[in-house]
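# Descriptive structure summary
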Amino acid sequence: MAASSKRKTSAPRNKPVRTSGNPARKPIVEAPPVTARDWIGAARLRTLPLAVAPVIIGTGAAQLIDRELHWVIALACLAVAVLLQIGVNFTNDYSDGVRGTDAHRVGPARLTASGRVSPRTVLVIGFGFFALAALVGLAIVIRTGQWWMLAVGAVCIIAAWFYTGGKRPYGYFGLGEVFVFVFFGLVATLGTTWVQAFQLPQEAWLGAIAAGLFACGVLLANNLRDIDQDRAVGKRTLTVLIGKRATQVAYTVFLLVPFLLAGFIALLYPIAWLSLMALLAGIPAIIIVWMYRQPRELVVALGLTSLTALAYAGALYWAFVG
């Protein structure tokens, strides 16, 4: 009996509760499957008005020279601009994702950073959009006979990739706004005007500057939202280099200068005063940029800035062709 009592005392006090299955196996939490909404989100629809606006302005400026609307070429220019913009968005998703820049980003989740889509797939899709843009651009060149523009198209695609791609992306060294101004402002607007009219009137230049400034404004709002994360991972955007307050000032300047240009244009084309209606979206965007408390609020400012650019472009087109 003593031995039996001793054995009972040495027995473990707490017996494991038996459960069905393997108790040592931890539950696996699977990421939700990728949906069509995720793919559409990766295209970043909020940025697409920035691709549309310079084509609208450039087409209106072309009709100052040739009153006929070359709608086939205009639509082709629109397709090139939108396809390039989507391609940039996908390759940016890939590049920032593999670098870890998007690991703790604010705003909609990215495909690569979420781990739900392989980086290679995202990259292939991005280059697929670049290829489509190149094919449509080639068709424009064949139609117009402006073969030298093949070089312009090639430079556009190279610049789109090296924004965040490659070993030393210029977007990581404070040069994003410079290239955005050049390619999504000057090149997109003036290129659209040239292939339709083969001239570049001053109205096209003024409109191109305005389109470029709006594009820079969107980029500043985006980078202001991500300033803390970008600083932590060593992504030296212009916003990181100059700081929050200077970025807010620069954003305000970029958003308001186009309306000063519209005032100058209105001296010859009075309907251009209607571009001031775009401030119905622009002023709230400026207020958000200055008064936001959470970085997520800047997503709204980004969308409003894009809509401001689109409304502004529509007003200029009406002024030019009205």
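## Re the overall build of the protein
Per the secondary structure count, the protein includes 14 helices and zero strands. From first element to last, N terminus to C terminus, the protein shows the α and β order α-α-α-α-α-α-α-α-α-α-α-α-α-α. Within the protein, the fraction of its 322 residues that count as buried is 49%. By sequence separation, contacts in the protein at least 24 residues apart represent 76% of the contacts at least 6 residues apart.

## Some points on the pattern of salt bridges
Throughout the structure, instances matching the rule amount to four salt bridges. Of the charged contacts in the structure, one is a salt bridge between Asp38 and Arg116, with a shortest N-O distance of 3.2 Å. Here Arg116 lies in the loop between α5 (111-114) and α6 (119-144) and Asp38 lies in helix α2 (residues 36-42), a separation of 78 residues in the sequence. Across the pair Asp226 and Arg225 runs a salt bridge whose closest N-O atoms are separated by 3.1 Å. No difference in accessibility class separates Asp226 from Arg225, as the two residues are buried.

## Re unusual backbone geometry
Here the phi dihedral of Arg44 falls at roughly 55 degrees; this positive angle occurs in a residue that is not glycine. Examined against the element boundaries, Arg44 turns out to sit in the loop between α2 and α3 (49-65). With a relative accessible area of 14%, Arg44 lands in the buried category.

## A word on the nonpolar core
By size, the foremost hydrophobic cluster in this structure holds 84 residues, and its most contacted members are Phe90, Tyr251, Ile265, Leu298, Tyr312 and Leu316. At 14 residues, the largest contribution of residues to this core is made by helix α9 (residues 202-225). The contacts of Ile265, once residues within four sequence positions are left out, are Leu206, Ala272, Leu316 and Phe320.

## Re the packing of α9 against helix α14 (residues 298-321)
At a minimum axis distance of 8 Å, the contact between α9 and α14 shows a crossing angle of 170 degrees. Considering their axes alone, α9 and α14 lie roughly antiparallel with respect to each other. Across the interface between the two elements, Glu203, Gly207, Ala210, Phe214, Gly217, Val218, Ala221, Asn222, Leu224 and Arg225 of α9 pack against Leu298, Val299, Leu302, Thr305, Ser306, Thr308, Ala309, Tyr312, Leu316 and Phe320 of α14. Of the residues contributing to the contact of α9 with α14, the split by class is 12 nonpolar, six polar and two charged.

## A closer look at the packing of aromatic side chains
All told, the structure shown has 14 aromatic pairs when counted by the stated rule. Considering the side-chain rings of Phe179 and Phe183, the 6.2 Å spacing of their centres and the 10 degrees angle between planes classify their relative orientation as stacked. On the criterion of helical spacing, the pair formed by Phe179 and Phe183 is a turn pair, its members being four residues apart in helix α8 (residues 176-197). Among the residues examined, Phe183 registers a relative accessible area of 17% and is labelled buried.

## Considering the confidence of the model for the protein
When pLDDT is averaged across the protein, the result is 88; 88% of the residues are at 70 or more. In this model, residues 1-29 is a region of pLDDT below 50 whose contacts with residues beyond four sequence positions or in other chains number zero contacts.

What counts, and at which threshold
Residues numbered from 1 in each chain as written. Predicted model: local features only at pLDDT ≥ 70, side-chain atom pairs only at ≥ 80, totals over all residues. Heavy atoms only, no water. Helix = DSSP H or I, 4+ residues; strand = E, 2+ residues; numbered from the N terminus. Buried < 20%, exposed > 50% of the residue type's maximum accessible area, 1.4 Å probe, protein only. Contact = heavy atoms within 4.5 Å. Salt bridge = Lys/Arg side-chain N within 4 Å of Asp/Glu carboxyl O. Core = buried A, V, L, I, M, F, W, Y, C linked by side-chain atoms within 4.5 Å. Axes fitted to C-alpha atoms, helices over the stretch in contact; angles between N-to-C directions. Parallel < 35°, antiparallel > 145°, perpendicular 65-115°, else oblique. Nonpolar A, V, L, I, M, F, W, Y, C, P; charged D, E, K, R; others polar. Phe/Tyr/Trp six-rings, centres within 6.5 Å; stacked < 30°, edge-to-face > 60°. pLDDT = per-residue confidence, 0-100.

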